[in-house]
Every structure is written in structure tokens, then in C-alpha cells.
Amino acid sequence: MKTYLSLSAILMIFTWNLSFGNPLNDAYLQAMSTEISKLYQAASVEELQKSANAFQRISTMNPSEWLPDYYAAWAYANMGFRSQGSAQDKDNYFAQAKKLADKAAQVSPNNSEIVAMQGYITMGELSVDPGSRGQHLSPVAMQTFGKAINLNRTNPRAILLMAQMEYGMAQFFGQGPEKACGLILSSLELFKKEAATVKNNSIEPLWGEDYAKGLYQELCGN
């Protein structure tokens, strides 16, 4: 009788979900959509910290999802880039970002978006002290972006971030921005395709197109 009741309960829940949707999933999607919107508009370290905290709370409630930790990592990485504090302060932000990106990677291994984020964080660590960290971290960042591109050659963010590294390397060796500009153009084409296929209210990573346009105008003169 106990087994029969358990099976009946499972069947009722399954039938209810088919008829009315999954309230837990709907709550997750609604919370993510709300916080992603706030994150895109965050203009200060304080606002980014609020976003990071919110995504970490969502992650605690949804440990099988990789996106909450991904966005929390992105928020912390941007805090590192925007912070006006000491090198130690920036390193602390990037260390937290790295911890969250690695956590997301445990949930979703070999995910191009997460690997690109890990490269973005490495680029941030490099930016804290390019003079002493460039020789060691530049190849690490390049390799990480290369891995992200190989995992998904249609990921515009991976290609855009690789373009940034290529431009930095070109500057260091006194070369022109041609290779970086070509990569930015490729990313812009992929951003267009992404925008044409994305579903309404998607919570997948979609950031980067406006930055790519600005970077192309700044570096490539068009």
C-alpha cells in the first residue's frame, strides 16, 4: 500500500507539472531574469556586490544549475576591474570570481561560456600588475580563451575576449591591431546570429555585443 501511495503521489506531481508547469522552475527563471536585468544595469562596485550576493542565494537554492554561479563570478570579476581600491582588494574580487567560476564548471564541465569566464578572470588578475604578471598570465589567458573557442566556435564572448588579449599582445610587441580587429568583427557577426536565435526571456549569457561595437570603433577606427 505504501509503495502504491508513493507511485500515485509521483504520478500526481508529474501530471500537475504537465498541466500547470513547474512552479519551482518558474520561480528560478523569474528570479534569474530579475537579477540578470539588475546585473546588466549595475554601475558601481556596490551594485555589483548586491548582484553577486543575489546570485549566490539563488545558487544555494538551485545547486544543480550552473548559471547562478556563472553570473556571480561575472559580477565579482567586474568588481575587480572597476574597483579603485588596492591591488589586494582587486585580487580578492578576482579570487572570489575564480572560486565561483570553478564551482560552475563542476556543475557543467567543458562549458565554453564558463571557460571563457575563467579566462576573463585571469585577464583581470593580469591587469592588476601587468609588469610582473604579464609574462606568466598572458599565455594562460590565451590558452583558456582558445579552449573556450574550441568548445564552441559560435561563442561570441570567447572570441571577443581573445581579441582583447590579441590587442594587448600586439601593443606589447609594437604590432598593429589587424588580428584583434578581425576577431572583433567575427564576434560581431556571431552576436548578430545569437540575437536572431535567442528566445524571449532567455537567461543564457548574452552580454558583450555593445562592448564589441565600442571596442571596434576604438581600436579599428570604423
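Notes on the structure in this doc start here. (Residues numbered from 1 in each chain as written. Predicted model: local features only at pLDDT ≥ 70, side-chain atom pairs only at ≥ 80, totals over all residues. Heavy atoms only, no water.)

## Some thoughts on the pattern of salt bridges
Here is step 1 of the chain: Under the counting rule described, the total for this entry stands at 8 salt bridges.
Here is step 2 of the chain: Close ionic contact of Lys192 with Glu189 constitutes a salt bridge, the shortest N to O distance being 3.9 Å. Placement of the pair is Lys192 and Glu189 together in helix α9 (residues 178–197), with a separation of 3 residues, close to one helical turn.
Here is step 3 of the chain: Given a relative accessible area of 52%, Lys192 falls into the exposed group.
Here is step 4 of the chain: What makes Glu189 partly exposed here is its relative accessible area of 43%. (Salt bridge = Lys/Arg side-chain N within 4 Å of Asp/Glu carboxyl O. Helix = DSSP H or I, 4+ residues; strand = E, 2+ residues; numbered from the N terminus. Buried < 20%, exposed > 50% of the residue type's maximum accessible area, 1.4 Å probe, protein only.)

## So, the state of the cysteines
Here is step 1 of the chain: The final tally for this structure, using the stated rule, is 1 disulfide.
Here is step 2 of the chain: The disulfide that involves Cys181 links it to Cys220, with 2.0 Å between the sulfurs. Residues Cys181 and Cys220 are joined by a disulfide whose S-S torsion is about -105°; by sign, that bridge is left-handed. Of this pair, Cys181 sits in helix α9 while Cys220 sits in helix α10 (residues 209–220); the two residues are 39 residues apart in sequence, bridging distant segments of the chain. Comparing Cys181 with Cys220 shows no difference in burial state: the two are buried. (Disulfide = S-S within 2.5 Å.)

## Looking at the nonpolar core
Here is step 1 of the chain: With 50 residues, the main nonpolar core has Met32, Phe55, Leu67, Tyr70, Tyr71 and Met117 as its most contacted residues.
Here is step 2 of the chain: Residue assignment for this core shows that the elements contributing at least two residues are α2 (23–41), α3 (45–61), α4 (67–82), α5 (87–107), α6 (112–128), α7 (130–151) and α8 (156–172).
Here is step 3 of the chain: Considering each element in turn, this core owes the most residues, 10 residues, to α4.
Here is step 4 of the chain: In terms of nonpolar packing, the next biggest core, distinct from the first, is built from 11 residues, Leu160, Leu188, Ala212 and Cys220 among them. (Core = buried A, V, L, I, M, F, W, Y, C linked by side-chain atoms within 4.5 Å.)

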